Amino acid sequence: MPTLTIDGQQVTVPEKTNVIEAAKTLGIEIPHYCYHPGLSVAGNCRMCMVEIEKAPKLAIGCFTPCTEGMVVFTNTEKVKQARKDVLEFLLSNHPLDCPVCDQAGECWLQIYYMQHGQYESRMMENKIKKSKKATSIGPHVNLDQERCVLCGRCVRFCDEITKTHELGIFGRGNREELDVFPGKQLDNRYSGNVVDICPVGALTDRDFRFQVRVWYLGVQDSVCPGCSRGCNIQIHYNRNRPHHGHGRRVARLKPRYNSHVNQFWMCDEGRYGYKFVDAGDRIISPMLRRGAELQMATWGETLAASAERIRAVNPSQIGVIAWPQLTNEELYLVRRLFVDGLGCKNVSFSVPSKKDGGGDDFLITADKNPNTRGAGEIGLPIADSTGDILQAASRGEFKLLHIFGHDLLSSGLDQPLVESALAATETVIFQGSNSHLTVDRADIVLPSATFAEKSGSFTNFEGRVQRIHEAVPPLGDALPDWQILNRMARALEMGWDYQGTEHIFKELAENVAAFSGLSYCVLGDQGELLGYKPTNEAHIPTEPVTTVII
Amino acid sequence: MPEKILTKHFDVPGFRELGVYRQHGGYAAVEKALGMEPAAIQDEIKRANLVGLGGAGFPAGVKWGFVPQNTPKPKYLVVNGDEGEPATFKDRYLLEYAPHQLIEGMIICSYVVGIHKAYVYVRGEYVKQINILRHAVEEAKAENLLGENILGSGFHLDVVVHQGAGAYICGEETGLIESLEGKKGWPRIKPPFFPAAIGLFQCPTVINNVETLSHVPHIVNNGAEWFASLGTEKNGGTRVFAVSGHVRKPGIYELPIGTPLREIIYEHAGGVRDDRPVKAVIPGGSSSPVLTADQLDTNMDFISLRNAGTMGGSGGVVVMDDTTCMVDICANISNFYAHESCGQCTPCREGTSWASKILNRILEGAGRMEDIDEAIRICRNMMGRTVCLLADGAAMPILSYLTKFRREFEYHVENSECDVKKSH
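For every chain, the first residue of the written sequence is number 1, and numbering continues from 1 onward in sequence order. Throughout, the order in which chains and ligands are written sets their labels, letters from A for the former and numbers from 1 for the latter. Where totals are concerned, whole chains, interfaces and linings use all residues; where local detail is concerned, this predicted model gives features only for residues with pLDDT of at least 70, and gives and counts side-chain atom pairs only at 80 or more.

## Quick word on the nonpolar core
Phase 1: In this structure, Val78(B), Val79(B), Ile108(B), Val281(B) and Ile398(B) are the most contacted members of the largest nonpolar core, which totals 136 residues.
Phase 2: Any residue pair is listed as a contact if its two C-beta atoms, each placed from the backbone, are within 7 Å. Every residue in contact with Val78(B), bar those within four places of it in the chain, is listed here: Tyr119(B), Tyr121(B), Leu176(B), Ile177(B), Leu180(B), Leu200(B), Thr205(B) and Ile207(B).
Phase 3: Membership of the second largest hydrophobic core comes to 84 residues, among which are Ala23(A), Val50(A), Phe208(A) and Phe451(A). Joining buried Ala, Val, Leu, Ile, Met, Phe, Trp, Tyr and Cys residues through C-beta atoms within 7 Å gives a set, and that set is a nonpolar core. In this scheme every C-beta is placed from the backbone, and a residue whose C-beta has 20 or more other C-beta atoms within 10 Å is buried, one with 12 or fewer is exposed, and one in between is partly exposed.

Okay, structure coming up:
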């Protein structure tokens, strides 16, 4: 554990920590392009040069390990001049097409120029023209070679993280070009990450390009609902310019650093899997079946109708198919309402999917639900599997089915069985966010919020409980599932009065052993494992990771 | 005439064939070495003051000593025959005329360090030399000088001759190693400053120039004191100078390493054509800062040249007479480095070509007075800020022309023409 001095401040860091990381712990930012803490060190951009006492020349912070007694200066005139010089070189062949560049606003050439450059251009030679501009190199990524600073982060990502080796830097000198290898496409399952780590506008996201300028975006921390890994993400949402991006409120998802879960990365399936949030099939109003038709209704009417039908039947005649896309808080309320409250004994949550989830040995898991583990810990299913519930329903044993989210009619379940179960059940209540075949068979439809529109928590497959936060309000009249359940319980005169998800989580932690000791404060922004044992030391929530890209 | 070592038998017909080579004492050093303690040979090489003749001038015996001895990994010898430095053509002759001399040096070096696999990386354009070397390797194998149990000693060594693909940067030792591994020849980040512990295939590696290793058998045969006595205090033996430019007899000249530049030009290379005065001399390949006519008494060993503000480099000597336009030479050299910068590090990638564009503009008569200082500034911003020394090797000579011959650049700017060419 060497102790060193950086700009007059002492700091002790683990062995082998480099100067950039050591400075970061003191809140000192050493500018850099090619260095990325998740990749090997290249040391070629030369932006991170620092002065080290007794060293003959400037050293690169990324490749200089901290040693005992080292004295580092990051802000001397010599260092400032070196940064300026490197920026001048980097920009000497840069097209300066910021007005039409989608990276503008989150471009590290722009940011560092304003912080460390600010020189008058002296370049009067013709700039190098490169071959590919605005060229698609894969399903998700666009390449502009002229904007590339050749830091090689994307190449190292494909070599070291995905090990798929699609990208290379071709040619020599300033004719050098980043490109895919001949005959290859950048279409690995994690390709979108190269856009995140590209410090400039060379690699842009085909899904996000020109949808909205980044400075109109708001940022909310969340967790990807795409599989049971629970990669930490940021939701970048656009509420200021609703006319941009064809009304898309959620503009993009970005991975958020969590050393326990996803490090710096996320998969493409998760990254681009958010479209359902603003999709045209969102259910924006409660609906009641009147005759052959589902008609829009008010929440009051719909909940009254639901309560009436639930009251009219014996609890043993109710089947509930909950949903592992629901939060821990919501699943807890499902149990409280149907099992503890009504005495219902037929509650399942898992529905097999039609195709294999295709898990891998990195981040992607086969289970496409973020909260299967949470559902299990909370005590679901009660008694039966979904198949058993449908079997019973098709035999006419149920008068009411309450289905959360699932499209049973496009699932991996035996379809004739689903058909006969739906046909044989008097009342089908559907509670979910998007319309599909199963919704058309419902008698009562309760529109719920998506993960981006509510708060709560998911428990990933490893038992890490992580929080999600509302980025945009629920669309139309939709409500978070916990609020719908809360209102329904009130309609059933159960005396509930949950004020928010934190309130529910507190009760959950008191009642479900696995969650004991956990609270929103303990979860912080990096989550915490089930079975948490508080130490004597006061829990200090982890500092939020503020940088998106670097 | 001073004693020759490496090129002594270049006139002997068929010297490149194993039989003729042996008739002239070839492979006696290997026989002798295989009966010696490796440490004793290494000590001999150290005391001989044999230095790296590829350009760095680093003591070879010391370099061999950097290789860790107790390692479970295989160790490799890599011979640098990439010879890409403009004005350098000594290895070409050593490979063509005395391939067995190199192989002998490789066997001894491998025996000392405990190496069983050696690669010779030869410049891609040296097709003839590659074929000759490959033939020599086959001959040596056939006579049990390579392969298993060499001359019954129990020592074994395999040699692979690898043809480069035409990049200057692959002469930089870590760039060469990357290239040999099948990758793009991007030099590796330092430290480690030597590939001794982490080199080829991440294994301990000795890398030496063709000329350096070719000296080794002679040191084993004749002793360290003999070799050291031929050179200067710190640099032992001879060096093969490749002399070109405006001399009457361009070619290779093997001379004691500390021979004065004036002697090389006037006593060996036949003096300057038409008895014109010398204007400038590149002493050690295009990367070495240029010397002016008043520096001809500089001795050509690494230390004297360093003291003269330039470097021994690759031993490629280019003599320029008074009809030479220094702006032209400077622009020409800058073009080379702009073309050959590997593009890995920002300052070199952008700086070499930016400087080159400015210098060409001055040459073409479109320069501005401030361009001269601009080019100097760009060169200074490149130096010491890159993974390898190509940037320094590009900036140093350009700076030397811009500062030593600034008047000529100013004339080009002021008059849009060359006063040197005009007056000759």
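## As for the sheet that holds strand E19 (residues 427–432) of chain A
All names here are of chain A.
Phase 1: Across the sheet, seven strands lie side by side as E15-E14-E20-E19-E18-E16-E17; this open sheet has mixed pairing. On the outer flanks of this sheet lie strand E15 (293–296) and strand E17 (347–348), each paired with one strand and no other.
Phase 2: A strand pair is defined by DSSP finding two or more bridges across the two strands. Comment: elements are numbered from the N terminus, with helices defined as DSSP H or I runs of at least four residues and strands as E runs of at least two. With four bridges connecting them, strand E16 (residues 318–321) and strand E18 (residues 400–404) associate as parallel partners. Across the sheet, the residue bridging to Gly 319 is Leu 401, located in E18.
Phase 3: Here, axes are lines fitted to C-alpha atoms. For helices the fit covers the stretch in contact, and angles between N-to-C directions go from 0 to 180 degrees. With respect to the sheet, helix H10 (residues 386–394) is in contact with E16, E17 and E18, its orientation differing from that of E16 by roughly 150°.

## Some points on helix H8 (residues 173–180) of chain B
All names here are of chain B.
Phase 1: Counting buried positions over the eight residues of H8 gives eight, a clear majority of the element.
Phase 2: Glu 173, Thr 174, Gly 175, Leu 176, Ile 177, Glu 178, Ser 179 and Leu 180 are the residues of H8 that are buried.
Phase 3: Elements in contact with the buried residues of H8: strand E1 (76–81), strand E2 (117–122), strand E3 (158–163) and strand E4 (205–209).
Phase 4: Phi for Gly 182, located one or two positions after H8, is positive at around 95°.

## As for the domain arrangement of chain B
Phase 1: When the domains of chain B are assigned, the result is domain 1 (18–230), domain 2 (238–321) and domain 3 (326–422).
Phase 2: For the side of domain 2 of chain B that touches domain 3 of chain B, the per-class residue count stands at four nonpolar, four polar and no charged. Bear in mind that the domain bounds are from an automatic or database domain assignment. Put simply, Ala, Val, Leu, Ile, Met, Phe, Trp, Tyr, Cys and Pro go in the nonpolar bin, Asp, Glu, Lys and Arg in the charged bin, and everything else, Gly too, in the polar bin.

## With respect to the domain arrangement of chain A
Phase 1: Here chain A is partitioned into domain 1 (3–91), domain 2 (108–205) and domain 3 (287–516).
Phase 2: Look at where the C-alpha atoms of domain 1 of chain A and domain 3 of chain A centre, and you get two points 52 Å apart.

## Some points on the interface of chain B and chain A
Phase 1: Taken together, the contacts link 24 residues of chain B with 22 residues of chain A.
Phase 2: Going through the elements one at a time, helix H13 (326–340), helix H14 (346–363) and helix H15 (369–382) of chain B are the ones with two or more residues in the side of chain B that touches chain A.
Phase 3: Looking at which element gives the most residues to the side of chain B that touches chain A, the answer is H14(B), with nine residues.
Phase 4: Per-class residue counts for the side of chain B that touches chain A are eight nonpolar, 10 polar and six charged.

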